[in-house]
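As a plain string of letters, each chain reads:
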Amino acid sequence: MKKNGDGSNTSEKNVKRPHFGIFSDVHSNLEALSVVLEHLEHQGVNSYLCCGDIVGYGPNPNECVEKVRSIKDCFVVMGNHDAASCGLKDTAWFNKYARATLHWTENVLKEENRDYLYRLPRMITGDNYTIVHGSPRDPLNEYLLEEKQFLENLGYFGTQVCFIGHSHIPFVVLSQSSKGGIEIKRLRENETIKLLPENRYIINVGSVGQPRDKDPRACCAVFNSEETEFNFFRLEYEINKTQEKMHEAKLLWKRYQT
Ligand code: ZN
């Protein structure tokens, strides 16, 4: 970005900065993922960020990994379910419902998809963003939920904004250097947040396939890195179809929704 004499900004000609589609915690839910990707394409995004957990819980692990793999310019980090489904994390860490599905996932995953998950990085740092699954301090395991954790984690990434998933609850944490404190708020449907240069942010983009904020609709977001503007969306998808597939595969839906 170049500053003009009058103080306005001008992008360098022919350099189009990324307009990111962001999603997380797909959890093998193909119906939800398909709706999210279609919506993000309509938003005109030119790159994608995925904060992990492509698999786990749901009935279509191979299809979801293959769909994400097929996206051009998609940067993906590993989630705890991805790690467990390819043998990088002990399933004893999970509750019995998640554990049962992880064993099923491990069995049905094709070798090439397992290999893809195995090679995912824990953290990706771009021009002005970082992505991790759980937290910058402990990417695979930490659930970022409390003020103290947010303050501590600000020291573990160097960019203005860090996008996360893992808790499946969409929210934004705003750190204001001028005031020294932080503000935490839930993300609402169709909310637009303008990232101010004097602040730093941790944004949980919620879950595609298994939201846990009492709204079953899929979550996704768009980040315009040129304008430093973030937009959050909720989308309906064919939940019944996913439920039927889970029933057929003898996976547990009850726990899946909580
Ligand atoms: Zn998850």
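Residues numbered from 1 in each chain as written. Predicted model: local features only at pLDDT ≥ 70, side-chain atom pairs only at ≥ 80, totals over all residues.

**Some thoughts on the nonpolar core**
Then, number 1: Core analysis: the largest hydrophobic core is formed by 60 residues, its most contacted members being F163 and C220.
Then, number 2: When residues in this core are grouped by element, the largest group, six residues, is from helix α1 (residues 30–42).
Then, number 3: Excluding anything up to four places from it in sequence, F163 contacts I22, L49, C51, Y129, I131, I203 and V205. (Core = buried A, V, L, I, M, F, W, Y, C linked by C-beta atoms within 7 Å. Buried ≥ 20, exposed ≤ 12 C-beta atoms within 10 Å, placed from the backbone. Helix = DSSP H or I, 4+ residues; strand = E, 2+ residues; numbered from the N terminus. Contact = placed C-beta atoms within 7 Å.)

**Structural notes on the environment of V172**
Then, number 1: Among the secondary structure elements, V172 is positioned in strand β9 (residues 171–176).
Then, number 2: When the C-alpha positions of V172 and I202 are compared, they lie 5.9 Å apart, and in sequence the two are 30 residues distant.

**Side note on the pairing of strand β7 (residues 129–132)**
Then, number 1: Burial along β7 is two-sided: Y129 and I131 and T130 and V132, pointing in opposite directions, are all buried.
Then, number 2: Pairing of strand β6 (residues 123–125) with β7 involves three bridges; the strand directions are antiparallel. Across the sheet, T125 pairs through a bridge with T130, a residue of β7.
Then, number 3: Linking β6 to β7, which pair antiparallel, is a turn of three residues.
Then, number 4: The pairing of β7 with strand β8 (residues 161–164) spans three bridges and is classified as parallel. Note on β8: the bridge partner recorded for Y129 is V161.
Then, number 5: Crossover handedness for the path β7 to helix α6 (residues 147–153) to β8: right-handed. (Pairing = 2+ DSSP bridges. Right-handed = clockwise from strand over helix to strand, strands pointing away.)

**Considering α1**
Then, number 1: Taking 1.5 Å per residue as the helical rise, α1 with its 13 residues ought to reach 18 Å, and the 18 Å between its terminal C-alpha atoms agrees with that figure.
Then, number 2: Of the residues making up α1, those classed as buried are L30, E31, A32, L33, V36, L37 and L40.
Then, number 3: The elements touched by buried residues of α1 are β3 (19–23), α2 (61–69), β13 (218–224), β14 (229–235) and α7 (239–248).
Then, number 4: Backbone geometry just downstream of α1 places G44 in the positive-phi region, at approximately 80°. (Expected span 1.5 Å × (residues − 1).)

**A short note on the environment of R200**
Then, number 1: Within the secondary structure layout, R200 lies in strand β12 (residues 199–204).
Then, number 2: Put simply, R200 and Q176 are 24 residues apart on the chain and 6.8 Å apart in space, counted from C-alpha to C-alpha.
Then, number 3: Apart from the residues lying within four places of it in its own chain, the contact partners of R200 are L154, Q160 and S175.

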